[in-house]
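Now for the letters of each chain:
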Amino acid sequence: MTNPAYDLVIRGGRVATASDVFDADVGILGEKIAAIGSPLTPGKREIDARGKLVLPGGIDSHCHIEQLSAAGIMNADTFESATASAAFGGTTTVISFAAQHVGMNLTQVVEEYHALARKGAMIDYAFHMIVADPTRETLENDLPALVKQGHSSIKIFMTYERLKVDDEPLLDILLTARQSGALLCAHAENHGIISWMVKRLLKAGYADPKYHAISHARISEAEAFNRLIGMAALIDQPIMIFHVSTAEGARVIREARGQGLKVFAETCPQYLFLTADDLDKPGLEGAKWMCSPPPRRAADQEALWQALALGDLQTVSSDHAPYRFDDTGKLRAGRAPNFKQIANGLPGLETRLPLLFDAMISKGRLGLEKFVELTATAPAKIYNLHPRKGSIAVGADADIAIWDPAREVTLSDAMMHDRTGYTPFGGFKLRGWPVTVLSRGRIIVSDGKRSVEPGSGRFLARSGGEAARPTGRLAADVDPEQNFGASLL
Ligand code: DUC
Ligand code: ZN
Ligand code: ZN
């Protein structure tokens, strides 16, 4: 008898990519997908996937793991708990953050996050580097070297007192990103508008969690998007705008993309499934739904779905930012905080894909191929993990989630595997669940049980790739050929 050609065959399922849906077996050899066909010869092991959907494992390209906030609060998850939670929700790759704070050396920061991930991660991972202190040392020495080492995306904040970078240093960072071939990602909200609103609200005695949503005035988003896009256009640097929450914000992105600017953008489940009314609960309960930007209105949800359909937004990430509802997290300032004293952030690594599957496949909004595109293929392409990650294809890593489209689940706090202690989506009744999850050919979750050890995830070194490549069209003000004969860059 000849040796089986495959270590594992996923047999009889319906396979989906971002462009096609078809019935096929998937043969895995070692860590890779070796064949897709029907019927494949028997493997050493087999998974019966009849009646199931065989999809690429999700890529969550925006999640905060084991991260220290600027206020000094450690978020609730370690790499171990966060990546376990991701895996139970069908996600097999995360891009989290290595977060610099003022005074910190960025190279050292990145090393520290590497050490944490090496110890705890159960699925593969990469890092965006948060730059909060754009000193000459950071921009001229650390950043270019770190990009070369495979950290090809930078994140900046335009708001948050201790993280924000103002326009002039932001231009310096955009230029450094351009010169080193990295994508620039941004949390874009107008800091002055928010802090002005906060002061007025608190002075007038409006301190409950629901006023957090009001303090992030809608215009603070579109204004910051416009300003950032203008600065990025000046020096021809591709950007990714994180967590779009308003219809006006989505319109600004549509307009920029219509002009041929390299502007990518994402939204998150909290902006598709929650509204500002969720923050309006008795006492402090609404703090559990506090994130920045805040959930908005039903009309914004519709506008964001439309922006996803049109391609104006290309990915849906979780922005997992877990803080417990106790004195280690949300209530660190005591039992009677005003909204400004409450940590911003929601857990979402585990619920991102089931929420989207229910909306897009079970309820039919945009469909299966678009689900795969938004949650796996597009983030793989934008962050240059493709073709290794993000698709079911011969030669790709065998990162696969097998979904039971008929399984009905009501989300609850108790069933989550992260350490937040609650889910803001508790009570949501969903149809469709990832029952078996593979990472590089290993079965890591099966029927609600984990079978993978902390520390077995791998770092994914990335170069900038196509998304980070400038268009070659500098604005005339800085372009020597169009203007005055000398380069300003
Ligand atoms: N927004 C949040 O809600 N939490 C973490 C950081 C952020 O930008
Ligand atoms: Zn953010
Ligand atoms: Zn975030």
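Colleague: So, the packing of helix α11 (residues 352-362) against helix α12 (residues 367-382): which residues are in play, and what are the values?
Modeller: At a minimum axis distance of 9 Å, the contact between α11 and α12 shows a crossing angle of 155°. When the axis of α11 is compared with that of α12, the two are roughly antiparallel. Crossing of α11 over α12 shows right-handed handedness. Contact with α11, carried on its side by Arg352, Leu353, Leu356, Phe357, Met360 and Ile361, involves Gly367, Leu368, Lys370, Phe371, Leu374 and Thr375 of α12 and no other residues of that element. Here the residues of the contact of α11 with α12 sort into eight nonpolar, two polar and two charged.

Colleague: Could you give an account of the sheet that holds strand β10 (residues 183-187), with specific residues and numbers?
Modeller: Taken in spatial order, the eight strands of this open sheet run β6-β7-β8-β9-β10-β11-β12-β13, and their pairing is parallel. The sheet terminates laterally at β6 (58-60) and β13 (315-316), the two strands that pair on one side only. In this structure, strand β8 (residues 124-130) lies alongside strand β9 (residues 153-157), joined through two bridges in parallel fashion. Counted as the bridge partner of Ile130 is Lys155 from β9. On top of the sheet, helix α7 (residues 218-234) reaches β10, β11 (239-241) and β12 (263-267); it is set at about 175° to β11, its chief contact.

Colleague: Describe in detail the state of the cysteines, supporting the description with residues and values.
Modeller: For the structure shown, the criterion picks out zero disulfides. Left unpaired, Cys268 is separated from the closest cysteine sulfur, that of Cys291, by 7.9 Å.

Colleague: Residues and numbers for the coordination of the zinc ion (ligand 2), please.
Modeller: Within the first shell, the zinc ion (ligand 2) binds the protein through His187 (ND1) and His243 (NE2), at distances of 2.1 Å. A separation of 3.5 Å is found between the zinc ion (ligand 2) and the zinc ion (ligand 3). Of this pair, His187 sits in strand β10 while His243 sits in the loop between β11 and α8 (247-258); the two residues are 56 residues apart in sequence, bridging distant segments of the chain. The pair formed by His187 and His243 is uniform in burial state, with each residue classed as buried.

Colleague: Lay out the coordination of the zinc ion (ligand 3) with the relevant residues and their values.
Modeller: For the zinc ion (ligand 3), the full set of protein donor atoms is His62 (NE2), His64 (NE2) and Asp319 (OD), and the range of their distances to it is 2.0 to 2.1 Å. Here the donor residues for the zinc ion (ligand 3) map to a single chain with the spacing H-x1-H-x254-D.

Colleague: For the pattern of salt bridges, give the residues involved together with the corresponding values.
Modeller: Under the defined criterion, the tally for this structure stands at 34 salt bridges. A salt bridge links Lys389 to Asp397; its shortest N-O distance comes to 2.8 Å. Exposure remark for Asp397: the relative accessible area of 1% places this residue in the buried category. The shortest N-O distance in the salt bridge between Lys389 and Asp399 comes to 2.7 Å. With Lys389 in the loop between α12 and β14 (400-410) and Asp399 in the loop between α12 and β14, this pair connects stretches of sequence that are ten residues apart. Asp399 sits in the buried class, given a relative accessible area of 5%.

Colleague: Before we move on, could you go through the site of ligand 1 and cite the residues and values that matter?
Modeller: Taken together, the residues surrounding ligand 1 are His64, Phe157, Tyr160, His187, His243, Cys291, Ser292, Asp319, Ala321, Asn344 and Gly345. In the model, a nitrogen atom of ligand 1 is placed 3.5 Å from a nitrogen or oxygen of the Tyr160 side chain. Gly345 places a polar main-chain atom, nitrogen or oxygen, 3.5 Å from an oxygen atom of ligand 1. The fraction of the free accessible surface of ligand 1 (240 Å²) that becomes covered by protein chains is 93%. Partitioned by chemical class, the residues of the shell around ligand 1 number four nonpolar, six polar and one charged.

Colleague: Give me the lowdown on the packing of helix α4 (residues 167-180) against α7, citing residues and values where you can.
Modeller: Geometrically, a packed helix pair is captured by the angle between its two axes and the distance between the axes. Interaxial distance between α4 and α7 falls to 10 Å at its minimum, and their mutual angle equals 45°. For the element pair α4 / α7, the angle class is oblique. The two elements α4 and α7 cross, and the hand of that crossing is right-handed. The segment α4 lies against α7, with Asp167, Leu170, Leu171 and Leu174 engaging Arg227, Leu228, Met231, Ala232 and Leu234. Classifying every residue of the contact of α4 with α7 gives seven nonpolar, no polar and two charged.

Colleague: Give a detailed account of the environment of Phe339, specifying residues and quantitative values.
Modeller: For Phe339, the position within the fold is in the loop between β13 and α11. Taking C-alpha positions, Phe339 is 8.8 Å from Leu202, a pair spaced 137 residues apart along the chain. Residue contacts for Phe339: discarding those within four places in its chain leaves Val198, Leu201, Leu202, Tyr206, Ala207, Asp208, Pro209, Tyr211, His212, Ser215 and Met290.

Colleague: Now, about the packing of aromatic side chains: what can you tell me, with residues and values included?
Modeller: Where two aromatic rings form a pair, the distance of their centres and the angle of their planes describe that pair. Under the defined criterion, the tally for this structure stands at 14 aromatic pairs. Aromatic side chains Tyr113 and Phe127 sit 6.5 Å apart centroid to centroid with 65° between the ring planes, which places their arrangement in the edge-to-face category. With Tyr113 in helix α2 (residues 106-120) and Phe127 in strand β8, this residue pair connects regions lying 14 residues apart in the sequence. Phe127 matches Tyr113 in its accessibility class, with the two residues each being buried. Note on Tyr206 and Tyr211: the rings are 4.9 Å apart at their centroids and 40° apart in plane angle, and the pair reads as tilted. Look at Tyr206 and you get partly exposed, because its relative accessible area is 38%.

Procedures and definitions
- Residues numbered from 1 in each chain as written.
- Chains lettered and ligands numbered in written order.
- Predicted model: local features only at pLDDT ≥ 70, side-chain atom pairs only at ≥ 80, totals over all residues.
- Heavy atoms only, no water.
- Axes fitted to C-alpha atoms, helices over the stretch in contact; angles between N-to-C directions.
- Helix = DSSP H or I, 4+ residues; strand = E, 2+ residues; numbered from the N terminus.
- Parallel < 35°, antiparallel > 145°, perpendicular 65-115°, else oblique.
- Left-handed = near helix turned anticlockwise from the far one by under 90°.
- Contact = heavy atoms within 4.5 Å.
- Nonpolar A, V, L, I, M, F, W, Y, C, P; charged D, E, K, R; others polar.
- Pairing = 2+ DSSP bridges.
- Disulfide = S-S within 2.5 Å.
- Donors = N, O, S within 2.8 Å, 3.2 Å for Na, K, Ca; no water.
- Buried < 20%, exposed > 50% of the residue type's maximum accessible area, 1.4 Å probe, protein only.
- Salt bridge = Lys/Arg side-chain N within 4 Å of Asp/Glu carboxyl O.
- Near = heavy atom within 4 Å.
- Polar contact = N/O pair within 3.5 Å; in protein donor to acceptor, adjacent residues only side chain to side chain.
- Areas by Shrake-Rupley, 256 points an atom, 1.4 Å probe, with all protein chains shown as cover.
- Phe/Tyr/Trp six-rings, centres within 6.5 Å; stacked < 30°, edge-to-face > 60°.

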